[in-house]
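Structural characterization, general
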Amino acid sequence: MAVWEVARITVAEATEDDFESLVRAHIPLLRATDGCLDVKLLRAVDAEGTFVLLLQWESVDHHLEFTKTEEFAGFVGALGPLFTGTPDTFHAATVIEGF
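Below, the structure is looked at part by part. All values derive from a computational prediction rather than experimental measurement.

When helices and strands are counted, the protein chain shows four helices and four strands. What you see in the protein chain, going N to C, is helices and strands ordered as β-α-α-β-β-α-α-β. Against the compact-globule benchmark of 13 Å for 99 residues, the protein chain has a radius of gyration of 13 Å, which places it among compact chains. For the protein chain, the spread of C-alpha atoms along the principal axes amounts to about 40 × 35 × 20 Å. Buried positions account for 31% of the 99 residues belonging to the protein chain. Sequence separation of at least 24 residues holds for 70% of the intrachain contacts in the protein chain that already meet a minimum separation of 6. Total accessible area on the protein chain is roughly 6,300 Å²; 55% of this is exposed by carbon and sulfur atoms. Counting 6 positive and 17 negative side-chain charges, the protein chain places the averaged centre of each group 3 Å from the other.

If you want it as structure tokens, here you go:
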């Protein structure tokens, strides 16, 4: 069953555009990663510097395997300096698919 990795991330003031650019630049890496099915980045309109990064994985195991790779280290290494704290992250399964 596919799962979503949900990460609520807050970045430093005036780095929002840089953060978006870095995520965008890493989309080819994510697309090429075994088990990564989709990526979405949501930017809060009422909470300065707040984003929700959604990565869809074939399974939690696919995500956990990715976290052991050099590619993951590079991804987090690029984004991490902009974080104001540790992202709040969890896995979720779709239970209602909308309209």
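Moving on, there is more to tell.
Glancing now at the packing of aromatic side chains. Applying the stated criterion to the full structure yields four aromatic pairs. Seen from their ring centres, phenylalanine 19 and phenylalanine 51 are 4.8 Å apart, and the 50° between their planes marks the pair as tilted. With a gap of 32 residues between them, phenylalanine 19 in helix 1 (residues 16-25) and phenylalanine 51 in strand 3 (residues 50-57) connect regions that are remote in the sequence. Look at phenylalanine 19 and you get buried, because its relative accessible area is 0%. Among the aromatic residues, ring-to-ring pairing joins Phe19, Phe51 and Phe83 into one connected group.

Cut-offs and rules
Residues numbered from 1 in each chain as written. Predicted model: local features only at pLDDT ≥ 70, side-chain atom pairs only at ≥ 80, totals over all residues. Heavy atoms only, no water. Helix = DSSP H or I, 4+ residues; strand = E, 2+ residues; numbered from the N terminus. Rg over C-alpha atoms; globule rule 2.2 N^0.38 Å. Buried < 20%, exposed > 50% of the residue type's maximum accessible area, 1.4 Å probe, protein only. Contact = heavy atoms within 4.5 Å. Areas by Shrake-Rupley, 256 points an atom, 1.4 Å probe, with all protein chains shown as cover. Lys, Arg positive; Asp, Glu negative; His and termini not counted. Charge placed at Lys NZ, Arg CZ, Asp CG, Glu CD. Phe/Tyr/Trp six-rings, centres within 6.5 Å; stacked < 30°, edge-to-face > 60°.

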